[in-house]
Each structure stands twice: as C-alpha cells, then as structure tokens.
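Each chain, written out:
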Amino acid sequence: MDSRVSELFGGCCRPGGGPAMGGTLKARGAGGSSGCGGPKGKKKNGKNRGSKANNPPYLPPEAEDGNIEYKLKLVNPSQYRFEHLVTQMKWRLQEGRGEAVYQIGVEDNGLLVGLAEEEMRASLKTLHRMAEKVGADITVLREREVDYDSDMPRKITEVLVRKVPDNQQFLDLRVAVLGNVDSGKSTLLGVLTQGELDNGRGRARLNLFRHLHEIQSGRTSSISFEILGFNSKGEVVNYSDSRTAEEICESSSKMITFIDLAGHHKYLHTTIFGLTSYCPDCALLLVSANTGIAGTTREHLGLALALKVPFFIVVSKVDLCAKTTVERTVRQLERVLKQPGCHKVPMLVISEDDAVTAAQQFAQSPNVTPIFTLSSVSGESLDLLKVFLNILPPLTNSKEQEELMQQLTEFQVDEIYTVPEVGTVVGGTLSSGICREGDQLVVGPTDDGCFLELRVCSIQRNRSACRVLRAGQAATLALGDFDRALLRKGMVMVSPEMNPTICSVFEAEIVLLFHATTFRRGFQVTVHVGNVRQTAVVEKIHAKDKLRTGEKAVVRFRFLKHPEYLKVGAKLLFREGVTKGIGHVTDVQAIAAGEAQANVGF
C-alpha cells in the first residue's frame, strides 16, 4: 500500500488534487472502452455525429475466463452446435458464480458488427432456448445501434443470464456502507429495503436501528444488516412486497446484504471491526451533497483503500441543494479520487446505460469508481443505483471460491447471542471450508490457549434456515446449550483436524500512516486482524529505534490480554487516538495450550 494513503486519514485536500490518472469517465460517449460500444456523440436516434476513425467500434477482446461471452449471431444452430453453446453457457455461469453477460452482434476480437433486426430476433430466441436448457433466465440489459459499413440499421444487444447455482439458495453480495455521520446512510438503506421514500425527517431509517439511544439521537452506533433482493428477471424484492426476510430469500435469486456501519468518530472502532471481520465484497461510501467531504468521510475512504475493499460513491440529499452545489461536491470527490494515494478513475452515472457500464467496469477494473447522485426523499436517480446493484457481478472468481471450499472449516465469531428456546448463537463469516448442520468443531482460543469441542445444531443465513454454509458466506450458527460465558468475539470455530496454532507475540510489516510524534517501543495500540480486536504493545522495531509518519518497518507486537488465532499474511490495521497504521502479519510465535497466560502482557 502506498504510504501516501496517509493523506486520506488526516489533513486537508490539496487544491491541486495531485496528478490525475485521467478525466472523469462517462459511459455515454466513451467509445469502445465504455463497454457499450456506442460511438462518441451518438444521439438517441442512433445517428453518429462524430468521426468513425477517431472512435473505432471495438470492445476489449473476449477473455477465455470470466463471465462475459461475445457472439456474432445465434441463428438456427445445428443440434451439435446448440449443445456446444449450452456447454459454453454453463461455463460462463460457473465463472460468474451464477451470472453471465452475452454481447450479441460482437466478434471474438471485440469488433462491434451488429445484426439486422431479423437476425437479432432469431439470436435472442436461440439464447432463450439455451437458458431454458440450463434452467436460467435472461434479461435484455440494453440495445445499441452501430454504424459499421452498412446502410441498414444494425444493433448489438447486451443480455444478462442468471441462474442460481444448484448448491445455493441465492447469489450473495455483501456491501459495507460507509460515510460521515448524518450523511443519510441508514435512511438510504431504509428506502432501498423498505420500498418507501423518506419523509425528510428520517422516518425510513427507524426500522434499522437496534437501540433506543440510536432512535433518540438518529445516529447508528452498532453494526446492523439489511437485505435487498432481486429476482431472476432483475426486479427488486424487498419488504414492500414481502412481510418477512424468509419470503424475500425465497423470492430472490440474488441478495444484496448491506452492512450498516457507524459514521460518528466515537464509533470508529466499530466501523473498523465491521470492515475487517465481515469481509465485504465492496463498500458504498455515502457523501452528503450539502456538506461534501467532511468529518470521517476521508478517514472511511482511507480505510477502504488500506484494506483494498473496492468502493463506489453515492452523493445523497441532492434535493436539498442547488445543482451547482451538487456539481461542486462531485468535483471535490473527483479531485480526491485522482490523488496519488487513491489513483482512482471517477465515473459519473447519469443514466441507466451508464449504470450498466459502471457495474461491468467496476468489476473488471479496481481503479474505476462509479459516482451516483440521488435523493432518498424525492427518489431522484434511485433506480440507477438499483440497476447497478442488480447487474454487479461477484467480485471473486469461481476458482478462488472452489479453492477456499476445499480447505478445512474455519468460521470467525463476530457476534454472540442467547436466543430463548434455541440457546447460544454465534454470528460471523465462514472463511474457508464447508459447514453443515451437526458438524463437530472446536472453538477458541480461550484465555489459557485451549480449544473447546462443540456441535453445530442449526444454521441461518439472512434470517432463513440453511443446511450448508460455504466459504465466504455469513451466517448465524446455533450451538445449543454451549456455555456463552466461554465465548468472545475474535474466536474461531475450526475443524479438529486443523490443529490450530495460537500466539501472543507476532511480527508484522507495517506502514505508519499517521502519528503526531515518533512511534517507539512500548507504545500501545488497538490491533485489528480479521475479527481479532485487542490491545497490543510494541516490543521491538527491527532495524530502527523509532518510526515517523509514512515510514515502513517490521514490528514485533505482544497482545496484552489473551492469545489469538492469527495467520501469516493476514491484513493488519492498528490505531490509538489519531495514530493509525496498516500492514500484514509476517510471523507468529506459536505457543502451546497452558502457556498462554505466561506469554501475554509485558
């Protein structure tokens, strides 16, 4: 991670904004690089005012991997050809973990040839037959006319193919919601998940709060989860159509799980815990149009960059501002995103076509950052965000998923509850392997470094029953009469065959993002590694006596309270007041059970 990320954790934005990686992207009129392939300057009637020579109608060449398939035409294929096409569709769906995008009228090298209306109709009919064969549904995302050596109108059509994998109930995507206090995070989630616009006084967010003081203050202090579903045709499924979460899960083929995090600086430790432990696929950074980049906005942006979480930006409350104010806020965001510490390419979304392109480019390039401007009160541009979320593909490929599932079971304990007539329940994320009802696991480490046996009685995902949990999925596990007092956040539940190692002393390669003076031996910080959150003391800084802001070093830490389960290579973030740093674990000093108490503390 570039040490210049430290600029995002404190200080003001420099007026120059640093060297840009390019201007703001706009899908409309972006030529071949936009993913829609329309020539620049195209009018709604399809006539081209620009120069064809300057805007060649090309997409990037088709990749063998991934979930995007180019087809010039699919007119009356033979039976052998049809079976081959079906096999090909199964492969693309597997690569996209249940979703694939077909570009009809495009050659394998990316040339946008286009088809006449009759050929396009026949090709879509064949594609529909292919989808029926594999049990999938298709949705036309958009159509574009292309002007390419022909007097007749020719079109390319982009089609979304969606099929829930046989071993899953629905496709799942986790989105962490970041932003400054009072930027409208909970209100936006309330509008999306409840299906009703806000009244301007926060009515939409009331169902999201978990505590009385949150309702009274209007500020989130804890982590809450909200769900938004999409059916196989891309239609929204939320609480306006369904009475319970179970009904939403049953009606949806794709589920967006929003992780609502706190915006106030007082609850920053809760926000960091949510980002490190719940493993979001991406983050939504909310910025109020009338205040711009203020409060913890810059800090949350820095956290997403430090943890390498892809993010997109939503500018809210545009109904309260003049158009010039909204434009000024967008320009301010563009300057920050182009700074050397970010190296992002802003992409302003102003139409449904832009939203489709933004979703595809966001998944393909880590540098592209879509920007939406909307209102939770008037509903302005709210549909564009829904289109984006519907089309947004999984950001991890199927090979990575399969490799994780083949490993031994490891479940991170993030929440602990006691439910009447159920017993002890833990919530968290399955980091690797597969977990089933009735599995025998071990949980730990305890204060003395031991792991205790337990049994998984039942599993729930998104408040509905689930028999099998796979790597990368979040869920709650019922543990029956297991003593809750023996559990704490930061523990792991693993397969007994794993023979887990624990440590009280570990080393990490760090970058000190910000410190007011010098970072020395004996300094105490709160360390975040995955779901682990504990105070540690700096025992040694290798090859140096002290560190200043922006410097790198290998540092040895010692936990003060109890041992933890850490893995080499895990991302690390530490903080204490205004002091912040990032890095990764390079070495752990494993200890045996019974030695733990002697190894913690000074």
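The residue numbering used here restarts from 1 in each chain and proceeds along that chain's sequence as written. Residue-level local features of this predicted model are given only where pLDDT is at least 70; pairs of side-chain atoms are given and counted only at 80 or more, and the full residue set underlies all totals for whole chains, interfaces and linings. Hydrogens and waters are ignored; side-chain quantities use all the structure's heavy atoms.

1. Considerations on the sheet that holds strand β13 (residues 410-419)
- Strands are treated as partners if at least two bridges between them are detected by DSSP. Helix and strand definitions follow DSSP, with helices as H or I runs of at least four residues and strands as E runs of at least two, each counted in order from the N terminus. Sheet architecture is open: eight strands sit in the order β17-β16-β22-β13-β14-β21-β18-β19, paired in antiparallel fashion. The sheet terminates laterally at β17 (452-455) and β19 (464-465), the two strands that pair on one side only.
- When strand β18 (residues 458-461) meets strand β21 (residues 474-478), the two strands line up antiparallel, connected through three bridges. When the bridges of β21 are listed, Gln460 appears paired with Thr476.

2. Observations concerning the sheet that holds strand β4 (residues 154-162)
- One open sheet accounts for four strands, arranged β1-β2-β4-β3; its pairing is mixed. Two strands close off the open sheet at either side, each with one partner strand: β1 (68-71) and β3 (137-146). This sheet shows a mean twist of 20 degrees between the axes of neighbouring strands, independent of strand direction.
- Note: β3 against β4, nine bridges, orientation antiparallel. Following the sheet pairing, Val146 is matched in β4 by Arg154.
- Only heavy atoms enter the contact rule, under which two residues are in contact if any of them lie within 4.5 Å. For helices, the axis comes from a line fit to the C-alpha atoms of the stretch in contact; other axes are also lines fit to C-alpha atoms, and the angle between any two N-to-C directions lies between 0 and 180 degrees. Contacts from helix α2 (residues 117-134) reach β2 (99-104), β3 and β4 within the one sheet, and its direction differs from that of β4 by about 10 degrees.

3. A look at the packing of helix α3 (residues 185-194) against helix α10 (residues 382-391)
- Orientation of α3 relative to α10, taken along the N-to-C sense of each, is 75 degrees, at an axis distance of 12 Å. As far as their axial angle goes, α10 and α3 are roughly perpendicular. Residue-level inspection shows Leu188, Val191 and Leu192 of α3 in contact with α10, the latter providing Leu382, Leu385 and Lys386.
- For this classification, Asp, Glu, Lys and Arg are treated as charged, while Ala, Val, Leu, Ile, Met, Phe, Trp, Tyr, Cys and Pro are nonpolar and the rest, including Gly, are polar. For the contact of α3 with α10, the per-class residue count stands at five nonpolar, no polar and one charged. Geometric relationships in this document are graded by angle, where less than 35 degrees denotes roughly parallel, more than 145 denotes roughly antiparallel, 65 to 115 denotes roughly perpendicular, and other angles denote oblique.

4. Re the side chain of Thr193
- Along the polypeptide, Thr193 turns up in helix α3.
- The term polar contact refers here to a pair of N or O atoms within 3.5 Å; inside protein, the definition further demands a hydrogen-donor-capable atom paired with an acceptor-capable atom, and it admits residues adjacent in sequence only when both atoms are side-chain atoms. Only 2.7 Å separates the side chain of Thr193 from the backbone oxygen of Leu189, close enough to count as a polar contact.
- Residues contacting Thr193, with those up to four places away along its chain left out, are Glu226, Ile227, Asn238, Tyr239 and Phe258.

5. Here we look at the nonpolar core
- Of all hydrophobic cores here, the largest spans 44 residues; its most connected members are Leu188, Phe258, Phe312, Val314, Leu385, Phe388 and Leu389.
- Examining the composition of this core, we find that seven residues originate from one element, α10, more than from any other.
- Ignoring sequence-local partners within four residues, the contact set of Val314 consists of Leu188, Leu284, Leu285, Leu286, Val287, Phe372, Leu374 and Leu385.
- Grouping buried Ala, Val, Leu, Ile, Met, Phe, Trp, Tyr and Cys residues that are joined through side-chain atoms within 4.5 Å yields what is termed a nonpolar core. Only protein chains enter the area calculation, which uses a 1.4 Å probe; residues under 20% of their type maximum are buried, those over 50% are exposed, and those in between are partly exposed. Ala283, Ala289, Ile313 and Leu573 belong to the second-largest nonpolar core, a separate cluster that totals 39 residues.

Honestly, that's just the spatial picture; any functional story needs more than this.
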